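Coordinate analysis (summary)
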Amino acid sequence: MPENIVLETRHLSKSYRISGENSLFAKTFRAVSDVSVAVRQGETFGIVGESGCGKSTMARLMMCLEKPDAGEVYLQGKRIDNLPESERRRLRPRFQMVFQDSGSSLNPRKRVQDILREPMLYHRVGDEKQVDARVEELLDMVGLPVEMKRRYPHEFSGGQRQRICIARALSLNPDVIVLDEPVSALDVSVQAQILNLLRDLQQSLHLTYVFIGHGLGAVHYISHQIAVMYMGRVVEMGPSDTLFDHPAHPYTKALLDAAPVADDTLRSRERTVMAEEIGDYAPAEGCPLLPRCPYVDEGCRNRGQALFETAGRLTACDRMLEG
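Residues numbered from 1 in each chain as written. Predicted model: local features only at pLDDT ≥ 70, side-chain atom pairs only at ≥ 80, totals over all residues. Heavy atoms only, no water.

**So, the overall build of the protein chain**
Each helix and strand in the protein chain was counted, giving eleven helices and twelve strands. Across the 323 residues that make up the protein chain, the buried fraction comes to 46%. Contacts spanning at least 24 positions in sequence make up 63% of the contacts within the protein chain whose residues lie at least 6 apart. Only carbon and sulfur atoms are counted for the fraction: they give 47% of the accessible area of the protein chain, which is about 16200 Å². (Helix = DSSP H or I, 4+ residues; strand = E, 2+ residues; numbered from the N terminus. Buried < 20%, exposed > 50% of the residue type's maximum accessible area, 1.4 Å probe, protein only. Contact = heavy atoms within 4.5 Å. Areas by Shrake-Rupley, 256 points an atom, 1.4 Å probe, with all protein chains shown as cover.)

Written out as structure tokens, the structure reads:
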């Protein structure tokens, strides 16, 4: 593994049994299927796709909050998905997570200072005096007045609560932070503030992020590399600007075209529109976008699901480049 790879997944797969089905004939939903990604030191790796594509499941698998059915997870070259929980607990300070719902991820009965102190005291990163000083430093880093440390989470706005969650993730000086849709529940103006905060922190502290979202605009703004997921599979992966400016896969193009634009002259542009709603299951073979893709032909029915390299990225289809 190259030295600059902090977090890596190899051929990850995860399925869930559908609730309510007879156990003998229960169907399974494959949330993640054969996904391999590598997150480089000091960069942001973005994962984007519509709801149900498997991106949040990927976040839980990366964090070892769930065990994959197949595949491996590596942190700084060390496999972690198969470790005993006692050993994995000792590694927890090295990979932290920020969740979408800041309200439910903060204990409403604890003051902010106690929320930030707790992980540092649990992992014994300093004595109480050092921890108290670190709490004030963290609040300053995320742009909150130090005197707010005595308040409870309900006394803050959504954007301020997300800043507290970011401060808590930073408290243990992690190697990588997984951000699971951290701005999707916020107003647009607050989203921009949080994204700018994350970028500033990354530059000053040399942080490594995995940023998960369903809007390509936010993911493109903060990410160096992007993986586009559809029905549990990565359909395109490469540099952020390359995917944004010249998408190779029809699904990537459809995501871009679905985003609102402020320029009136672009609103009448030709768009890639999927033929129908996303289904419940991906095809066992062939392209998973087959039932919806407006560019489908007979050749697509025999196309495999493996990624291949073209035009500076990995893609499962290059129809947009051909066009």
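**Here we look at helix H4 (residues 128-141)**
The terminal C-alpha atoms of H4 lie 20 Å apart, and with 14 residues this matches the ideal 20 Å at 1.5 Å per residue to within 8%. Among the residues of H4, Val131, Arg134, Val135, Leu138 and Leu139 are the ones counted as buried. An end-on view of H4 places all buried positions within 135° of arc, on one side of the element. Opposite its buried face, H4 presents the exposed residues Lys129 and Asp140, each directed more than 90 degrees away. At its buried positions, H4 is contacted by helix H3 (112-122) and helix H5 (158-170). Put simply, aspartate 127 is the residue that caps the front of H4, since its side-chain oxygen is 3.2 Å from the backbone nitrogen of lysine 129. (Expected span 1.5 Å × (residues − 1). Arc of directions from axis to C-beta. Polar contact = N/O pair within 3.5 Å; in protein donor to acceptor, adjacent residues only side chain to side chain.)

**Some points on the sheet that holds strand E6 (residues 95-98)**
Read across the open sheet, the eight strands follow the order E6-E7-E8-E3-E9-E10-E12-E11; overall the sheet is mixed. If you trace the sheet from one side to the other, it starts and ends with E6 and strand E11 (308-310), each paired once. On average, each strand axis in the sheet is inclined to that of its neighbour by 20°, with strand direction left out of account. For strand E9 (residues 225-230) and strand E10 (residues 233-239), the ladder comprises six bridges, and the chain directions are antiparallel. Looking at E10, one finds that tyrosine 230 is bridged to arginine 233. Where helix H6 (residues 188-205) meets the sheet, it contacts strand E3 (44-48), strand E7 (176-180) and strand E8 (209-213), and its direction lies at approximately 165° from that of E8. Of the strands in this sheet, E9 and E10 touch helix H9 (residues 250-258), which is tilted by about 100° from E9. (Pairing = 2+ DSSP bridges. Axes fitted to C-alpha atoms, helices over the stretch in contact; angles between N-to-C directions.)

**Digging into the pattern of salt bridges**
Across all of its chains, the model carries 16 salt bridges by this definition. Here arginine 313 ties to glutamate 236 by a salt bridge, and the two come within 2.5 Å at their closest N and O atoms. Taken as a pair, arginine 313 in strand E12 (residues 313-315) and glutamate 236 in strand E10 lie far apart in primary sequence, 77 residues in all. On the basis of relative accessible area, arginine 313 is assigned to the buried category, the value being 4%. Since its relative accessible area comes to 0%, glutamate 236 is described here as buried. By sharing partners, the salt bridges in this structure join Glu72, Arg79 and Asp81 into a single network. (Salt bridge = Lys/Arg side-chain N within 4 Å of Asp/Glu carboxyl O.)

**Concerning the sheet that holds strand E1 (residues 5-17)**
A sheet is described by the order of its strands in space; here four strands give the open sequence E2-E1-E4-E5, paired in antiparallel fashion. Either end of the sheet is taken by a strand with one partner, and the two such strands are strand E2 (28-40) and strand E5 (78-79). The pairing of strand E4 (residues 70-75) with E5 spans two bridges and is antiparallel. Bridge pairing in E5 links leucine 75 to lysine 78.

**Re the packing of H3 against H4**
The geometry of a pair of packed helices is captured by two quantities: the angle between their axes and the separation between those axes. Contact geometry for H3 and H4: axes closest at 9 Å, N-to-C directions at 125°. One element, H3, and the other, H4, form an angle in the oblique class. Considering how the two elements wind past one another, H3 and H4 form a crossing that is right-handed. For the pair H3 and H4, the contacting residues are Val112, Gln113, Leu116, Arg117, Met120 and Leu121 in the first and Glu128, Val131, Asp132, Arg134, Val135, Leu138 and Leu139 in the second. Along the lines of polarity and charge, the residues of the contact of H3 with H4 split into eight nonpolar, one polar and four charged. (Parallel < 35°, antiparallel > 145°, perpendicular 65-115°, else oblique. Left-handed = near helix turned anticlockwise from the far one by under 90°. Nonpolar A, V, L, I, M, F, W, Y, C, P; charged D, E, K, R; others polar.)

**Describing the packing of aromatic side chains**
Applying the stated criterion to the full structure yields one aromatic pair. Between tyrosine 230 and tyrosine 251, the aromatic rings sit 4.7 Å apart at their centres with planes inclined by 55°, giving tilted as the arrangement. Of this pair, tyrosine 230 sits in strand E9 while tyrosine 251 sits in helix H9, placing them 21 residues apart in sequence. Relative accessible area serves as the criterion here: at 1%, tyrosine 230 is assigned to the buried category. Tyrosine 251 gets classed as buried once you look at its relative accessible area, which sits at 2%. Taking NZ or CZ as reference, arginine 10 lies 4.1 Å from the ring centre of tyrosine 74, over its face. Between arginine 199 and the ring centre of tyrosine 221, over which it is positioned, the NZ or CZ distance is 4.4 Å. (Phe/Tyr/Trp six-rings, centres within 6.5 Å; stacked < 30°, edge-to-face > 60°. Lys NZ or Arg CZ within 6 Å of the ring centre and 35° of its normal.)

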